[in-house]
Amino acid sequence: MLQKYKRLWSKKSLKSSYDAVIIGGGVHGLATAYYLAKNHGMHNIAVLEKKYLGFGSSGRNTAIVRANQRTSENVCLYQEGLKLWPELTSELDFNLMFFNCGNLNLAHSESAISALRLQVTTAQFHGMKTKLIDAKECKEMIPALDISDRLRYPIFGAMYHPPGGTVRHDALVWGLAKGASQLGVHIHQKTEATGIGIEKERIAYVQTNKGKIFTPRVLNVAGPYSTLIAAMIDLRLPIHALTIQAMVTEPLKPVLNYVVSSGAYHCYANQSLKGEIVSGSHMDPWPNYTTQTTAHYIKHQAEALTELMPCLKGVKLMRAWGGLADMTPDMAPIIDGNDPIQGFFQNCGWGYFGFKSAPVTGKYMAQFMATDQCPSILKPFTMRRYENHNLMGEIATPVYYNPWN
Amino acid sequence: MSLLITCPICGKRNGYEFKFGGEDRGPKPNEDELTSRKWCEYTHMNTNIGGIQKEWWYHRDGCNTWFTIYRNTLTNEEVQNHKEVAP
Ligand SMILES: Cc1cc2nc3c(=O)[nH]c(=O)nc-3n(C[C@H](O)[C@H](O)[C@H](O)COP(=O)(O)OP(=O)(O)OC[C@H]3O[C@@H](n4cnc5c(N)ncnc54)[C@H](O)[C@@H]3O)c2cc1C
Ligand SMILES: [Zn+2]
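Below or above, wherever it landed, is the structure these notes cover.

Analysis parameters
Residues numbered from 1 in each chain as written. Chains lettered and ligands numbered in written order. Predicted model: local features only at pLDDT ≥ 70, side-chain atom pairs only at ≥ 80, totals over all residues. Heavy atoms only, no water. Phe/Tyr/Trp six-rings, centres within 6.5 Å; stacked < 30°, edge-to-face > 60°. Helix = DSSP H or I, 4+ residues; strand = E, 2+ residues; numbered from the N terminus. Buried < 20%, exposed > 50% of the residue type's maximum accessible area, 1.4 Å probe, protein only. Lys NZ or Arg CZ within 6 Å of the ring centre and 35° of its normal. Donors = N, O, S within 2.8 Å, 3.2 Å for Na, K, Ca; no water. Contact = heavy atoms within 4.5 Å. Buried area = accessible area lost by both parts, 1.4 Å probe. Salt bridge = Lys/Arg side-chain N within 4 Å of Asp/Glu carboxyl O. Polar contact = N/O pair within 3.5 Å; in protein donor to acceptor, adjacent residues only side chain to side chain. 1 Å grid on protein atoms, 1.4 Å probe; cavity = no way out; pocket = protein on both sides within 12 Å on 5 of 7 lines; lining within 4 Å. Points joined across faces, edges and corners; volume = space filled by probe spheres on them. Pairing = 2+ DSSP bridges.

Regarding the packing of aromatic side chains
Under the definition given, this model contains 19 aromatic pairs over all chains. Seen from their ring centres, Tyr78 of chain A and Trp350 of chain A are 6.2 Å apart, and the 90 degrees between their planes marks the pair as edge-to-face. You can see Tyr78 of chain A sitting in helix H2 (residues 72–92) and its partner Trp350 of chain A sitting in the loop between strand E19 (344–348) and helix H8 (358–371), a full 272 residues away along the chain. Note on accessibility: Tyr78 of chain A and Trp350 of chain A belong to one class, buried. What links up through ring pairs into an aromatic cluster is the set Trp286 and Tyr297 of chain A together with Tyr16, Phe18, Phe20, Trp57 and Phe67 of chain B. Its end group placed over the ring of Tyr225 of chain A, Lys50 of chain A keeps NZ or CZ at 3.9 Å from the ring centre.

Okay, structure coming up:
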């Protein structure tokens, strides 16, 4: 039945002070606001968004969720994140469209299989269903895959992760905004943080295009723009903001029942519930703050997709778009607080993993901000790990050093 | 729109021919006084200017030269004859 249109979140006027100011209206900022109000009784909270909710990567990602990362620290967090989807769907009374179709990570060499073996072991150790399968099993699951040796990089096998899948990304943004707003959180769109005031080593206020807000706590969750927020207090971050491009084909009858990804082809794809093949690719490897798309990647994507699944030849791409990913050297986020400035918290550097992790991280980030004690699940993500030479082993290749340093 | 970069030897070429080499960090820190902190600042931390920055590029699919250019990170365009202002 059609109902009268109702606003999901209410519009409030900007107050001159809040108990906490959250900079960034993406999934991480909204989740933190929601849990601050819900779990910690902090209702006097503002979320500032310079454009509109979901303008950042939260509204541009390909919405894949999974918990089969390489290191234990990461798996624990993503594992709890995966369990939250059904819970959140009923709690927010908003259909997040969690589609638990499972993920297949293709391997195109013996060494790739060995690398996946490590991931499978970590996942199994934590009780996450994940296993290695051979090329024939891949073909049985996805008949459209070409497992012959015609491919430039033939398929050797895959890591199969049944608990993963996709979630509707816009729904998460809107659901969390609705939930937070109902608990009294103020959501201010078109409100840009332009400066942060510090007094006696503590956060004192946030300057915005709509006036000054006094507050003892600030959370930097501006996604790829977090580097620019940190710069407001002269903090440098080990982050590069890189463009990722994604695209969708015209809708097709069901042909791809899993999320499939291939590192060698720099390509991943799944079929949306509407029938479109949603596909993302590698990143433009130079930092910038634009969301430009290029013919280069559309061509790359078309080549990769039709090589892996030849039946897609001739299918039309309908739309392409770009979003930014805040990449750290060890492919793990930076989560910190009260260091070096009291009251300054940050949760950024999520790269292309930050959608699946948002509700769970928001929950623990809220605990951190409310109690000033970092929950142990978040402790490994401190920024100090870089100066302590204690980087996370999320990537199989060594950290990026330049020839000239 | 794609990025165009001017190689000092080959001229203006498609950005995808090059490898980005990081923002210009100045000379390597003096090893005698090197602390973990300073090394981390030098190797991992970025200034991430939203605007014009000086940066290194390598002409990977070309003449194999390393060189610096100025580029506006907000528009993704190379900036010619940029005058640096002393900080
Ligand atoms: C193409 C693409 C595909 C991806 N695919 C996946 C995927 O399949 N699975 C997955 O888990 N992750 C994926 N990601 C990554 C994921 O989307 C991000 O990590 C996540 O959305 C980050 O959320 P966030 O809330 O931290 O940041 P964002 O959603 O980027 O939100 C930050 C917000 O801050 C606002 N802002 C910036 N500056 C200011 C300011 N000065 N004042 C006020 N507001 C400001 C911005 O407008 C923006 O809305 C993908 C990303 C991209 C780009
Ligand atoms: Zn050249």
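From this point on, the discussion continues.
Looking at the coordination of the zinc ion (ligand 2)
Residues and elements named next belong to chain B. Protein ligation of the zinc ion (ligand 2) involves Cys7 (SG), Cys10 (SG), His59 (ND1) and Cys63 (SG), the donor distances falling in the range 2.0 to 2.4 Å. All donors of the zinc ion (ligand 2) belong to a single chain; written as a sequence motif, their spacing is C-x2-C-x48-H-x3-C. Taken together, the positions of Cys10 in the loop between strand E1 (4–7) and strand E2 (11–14) and Cys63 in the loop between strand E4 (52–58) and strand E5 (66–72) put the pair 53 residues apart, joining distant regions of the chain. We classify Cys10 as partly exposed; its relative accessible area is 35%.

Observations regarding the interface of chain A and chain B
By convention, interface size is frequently given as the accessible area that disappears when the constituent parts associate. Of the residues lining the interface, 34 residues belong to chain A; the matching set on chain B comes to 34 residues. Carbon and sulfur atoms make up 56% of the area that chain A and chain B hide from each other, which totals about 3,100 Å². Where chain A meets chain B, there are two salt bridges. The interface formed by chain A and chain B includes 17 residue pairs in polar contact (both at pLDDT 80 or more).

Side note on the layout of surface pockets
All names here are of chain A. If you add up the space inside the second largest pocket, you get close to 650 Å³. Along the walls of the second largest pocket sit 27 residues, with Ala63, Arg168, His169, Asp170 and Lys274 positioned nearest its centre. When residues of the lining of the second largest pocket are traced back to their parent elements, those giving at least two are helix H5 (169–182), strand E15 (267–271) and strand E17 (317–327). Here the lining of the second largest pocket takes three residues from H5, the largest share from any one element.

What about the sheet that holds E4 of chain B?
All names here are of chain B. Strands sit in the order E3-E4-E5-E6 across an open sheet of four strands; the sheet is antiparallel. In this open sheet, the two edge strands, each paired with only one partner strand, are strand E3 (19–23) and strand E6 (77–78). By the bridge criterion, seven bridges tie E4 to E5 in an arrangement that is antiparallel. Among the inter-strand pairings, Ile52 is bridged to a residue of E5, identified as Asn72.

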